[in-house]
Amino acid sequence: MEHYKERLKEQYAPLVEQFLKKIDELNVKGIPAPHIPIMGEHYGISKYKIAFVGMETYGWEDIDKFLNTARNNSGEAVFLMEDTINNLEHLKWAGGNYHATFWGFVFKFLAKFYKVNFEDLVTNNTYPELLSSFVWGNTNSIERYKVSAESKGVDYATWELVKRASTCFDSINNIIKSVNPKLFFILNSSVEKDYIQNDDVVRAFGIPVENKKNVMRLTIDNDRKIIYYYLREDDVHIISMPHPTWMGLYSVFGIDSYIDIAMELIHKYSIWNTLPENYKDWKGASQELNKSSISFKRELIANLAATLMKNNLVMSGKELQTLFNMNHILTQYGYSYSEGGGRGIHKLITQVWKYYYDKQDYQTAYNISRAFVNQNGEYAYE
């Protein structure tokens, strides 16, 4: 857990300092503190890394307390409000309304995903670990003017300066770079126009324009406003849905319908290799494949060779190297394979061929020897 906290601090503490520098001379009384994503205390040991990202808070920590903490220790300011999740304060925030609130969606999803009784989760305190096993963020770290600042008499121009300064927090990339959830729920389909650029993904989630080619976008249900994204570079899945208030009050479908579709998408797109059978499955080592491990490379090369042989095709070392680098399959030293299909990739092919030959799996060894060639079309193994 400390590893994740350190990464969270490394990512957000410089942003806190940047925010402080921009607004330190302003009279910010009445404006809430920025909402920095909160990581539950059991997130680090959870097998299933999930983040729930809403639209905004409705009243948050006093900004003076946040700024005073930040002036003394920007890292401490990052974790100023983490006890709201760890002390299970969020159980009160739904106000018993589980059919049309952000927290109603979160709790219902957790109960469905981990196959536990909903009342046991939210009322009987049977599974407290599940309630602090995720990351909570918002697309707007500073609330809209009319939500809280206006009623407290805050000057709009001052609020606007604070809002502009806070946009450094408002990117999904901050969460990915720090605690790297496997699955995001973005429960806000009407993000601020400041996010709109020339691509839906860029608009909504702050993904750099140059990375658009690495993002897959699929419209799942137009009526329900559900969109699925896959960020290939980070191996991150995003399920974008409307705010749960809209789901419950205006969509005619209801929150439970959205959760059912979310579960279907998790299965359909194999977000995890296996899903929980019961509550005990929440905890454990990550199931993520180590794509740079020798065992993964052996299996991949064997499968590729079998497919190539079946279709009377060959693949050059350079092509295999390109495939590896595009998919972040690294050398044993943690580097990308050298450009041009050099000795590194051919040495790997030879090692894999020898592995299967020594195992007396002669068919696989033969497939590898036939399927892979060098730039001149000669057999790639030595």
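This report concerns the structure included in the present document. Per chain, residue numbering runs from 1 following the sequence as it is written. Note on the predicted model: pLDDT of at least 70 is required for a residue's local features to be given, and 80 or more for side-chain atom pairs to be given and counted; whole-chain, interface and lining totals, by contrast, use all residues. Values reported for side chains reflect all heavy atoms of the structure, with hydrogen atoms and water molecules removed beforehand.

**Side note on the overall build of the chain**
Step number 1: Going along the chain from the N terminus, every DSSP run of H or I of four or more residues is numbered as a helix, and every run of E of two or more is numbered as a strand. When you go through the chain residue by residue, the secondary structure sums to 17 helices and 9 strands.
Step number 2: The buried label applies to any residue whose accessible area, calculated with a 1.4 Å probe on protein chains only, is under 20% of its type's maximum; exposed applies above 50%, and partly exposed to all values in between. Across the 382 residues in the chain, those meeting the buried criterion constitute 53%.
Step number 3: Only heavy atoms enter the contact rule, under which two residues are in contact if any of them lie within 4.5 Å. Look at the contacts in the chain between residues 6 or more apart in sequence, and 70% of them connect residues 24 or more apart.
Step number 4: As displayed, the chain has an accessible area near 18,700 Å², and 47% of this comes from carbon and sulfur atoms. Using a 1.4 Å probe, accessible areas were evaluated by the Shrake-Rupley method; residue-level cover was limited to the displayed protein chains.

**Some details on the packing of helix H14 (residues 294–310) against helix H15 (residues 317–326)**
Step number 1: Geometry is summarised by axes, namely lines fitted to C-alpha atoms with helices restricted to the contacting stretch, and by angles between N-to-C directions that run from 0 to 180 degrees. Direction vectors running N to C along H14 and H15 enclose 130 degrees, while the axes themselves pass 13 Å from each other. Judged on the interaxial angle alone, H15 and H14 are oblique. The handedness of the crossing between H14 and H15 comes out as right-handed. The residues of H15 that touch H14, namely those facing Lys 297, Leu 300, Ile 301 and Leu 304, are Leu 320, Leu 323 and Phe 324.
Step number 2: Gly counts as polar in this scheme, as do all residues outside two lists: the nonpolar Ala, Val, Leu, Ile, Met, Phe, Trp, Tyr, Cys and Pro, and the charged Asp, Glu, Lys and Arg. A per-class count over the contact of H14 with H15 returns 6 nonpolar, no polar and 1 charged. Each angle is binned into one of four classes, with values under 35 degrees roughly parallel, values over 145 roughly antiparallel, values of 65 to 115 roughly perpendicular, and all other values oblique. The hand of a helix crossing depends on one turn: near helix anticlockwise from the far one by less than a right angle means left-handed, and clockwise means right-handed.

**A closer look at the nonpolar core**
Step number 1: By convention a nonpolar core is built from buried Ala, Val, Leu, Ile, Met, Phe, Trp, Tyr and Cys residues, the set being connected through side-chain atoms within 4.5 Å. Phe 105 and Phe 109 are the most contacted members of the largest nonpolar core, which totals 96 residues.
Step number 2: At 10 residues, the largest contribution of residues to this core is made by helix H6 (residues 102–114).
Step number 3: In contact with Phe 105, other than residues within four places in its own chain, are Phe 52, Phe 185, Leu 187, Met 241, Pro 244, Met 247, Ile 255, Tyr 258 and Ile 259.
Step number 4: By size, the runner-up hydrophobic cluster in this structure holds 20 residues, among which are Leu 304, Met 315, Val 352 and Ala 365.

**Things to note about the pairing of strand S6 (residues 226–231)**
Step number 1: Extensive coverage of S6 is indicated by the burial of 5 of its 6 residues.
Step number 2: The sheet contact formed by strand S5 (residues 215–221) and S6 spans 6 bridges and is antiparallel. Along S6, the bridge assignment pairs Arg 217 with Tyr 229.
Step number 3: One bridge is not enough; two strands pair if DSSP finds at least two bridges between them. Hairpin connection of S5 to S6: 4 residues between the antiparallel strands, including Lys 225 at a positive phi of 60 degrees.
Step number 4: Pairing between S6 and strand S7 (residues 236–241): 5 bridges, direction antiparallel. Note on S7: the bridge partner recorded for Leu 231 is Val 236.
Step number 5: With antiparallel pairing between neighbouring strands as the criterion, S6 and S7 make up a hairpin whose turn holds 4 residues, including Asp 235 at a positive phi of roughly 55 degrees.

**Here's the deal with the pattern of salt bridges**
Step number 1: Any Lys or Arg side-chain nitrogen located within 4 Å of an Asp or Glu carboxyl oxygen qualifies as a salt bridge. This structure, assessed with the given rule, holds 11 salt bridges.
Step number 2: Of the charged contacts in the structure, one is a salt bridge between Arg 71 and Asp 24, with a shortest N-O distance of 2.7 Å. Taken together, the positions of Arg 71 in helix H2 (residues 63–72) and Asp 24 in the loop between helix H1 (2–23) and strand S1 (38–39) put the pair 47 residues apart, joining distant regions of the chain.
Step number 3: Put simply, Lys 65 and Glu 61 hold a salt bridge, and the shortest N to O gap is 3.9 Å.
Step number 4: On the basis of relative accessible area, Lys 65 is assigned to the partly exposed category, the value being 44%.
Step number 5: By relative accessible area, which is 16% here, Glu 61 ends up buried.

**A few points about H1**
Step number 1: One less than the residue count of a helix, multiplied by 1.5 Å, gives the span that helix is expected to have. Between its first and last C-alpha, H1 extends 30 Å over 22 residues, near the 32 Å set by a 1.5 Å rise per residue.
Step number 2: Maximum bend of H1: about 30 degrees, positioned at Tyr 12, with proline Pro 14 one to four residues after it.
Step number 3: Tyr 4, Lys 5, Leu 8, Gln 11, Tyr 12, Ala 13, Leu 15, Val 16, Phe 19, Leu 20 and Ile 23 are the residues of H1 that are buried. Fitting axes to the seven residues ending at a residue and to the seven starting there, one defines the bend at that residue as the angle between these axes.

**Some remarks on the side chain of Ser 74**
Step number 1: When you line up the elements, Ser 74 lands in helix H3 (residues 74–78).
Step number 2: Setting aside its immediate chain neighbours within four residues, Ser 74 contacts Ala 13, Val 16, Glu 17 and Thr 69.

**Quick look at the sheet that holds strand S3 (residues 135–138)**
Step number 1: An order of S1-S3-S2-S4-S7-S6-S5 is seen for the 7 strands of this open sheet, with the pairing classed as mixed. The strands lining the two open edges of the sheet, one partner per strand, are S1 and S5.
Step number 2: Where S1 lies against S3, 2 bridges are found, and the strand directions are antiparallel. Paired with Ile 38 across the strands is Trp 136, a residue of S3.

**What about the environment of Thr 84?**
Step number 1: Looking at the secondary structure, you find Thr 84 in helix H4 (residues 83–86).
Step number 2: The buried category is assigned to Thr 84, whose relative accessible area is 6%.
Step number 3: Setting aside its immediate chain neighbours within four residues, Thr 84 contacts Ile 38, Trp 60, Glu 89, His 90 and Trp 93.

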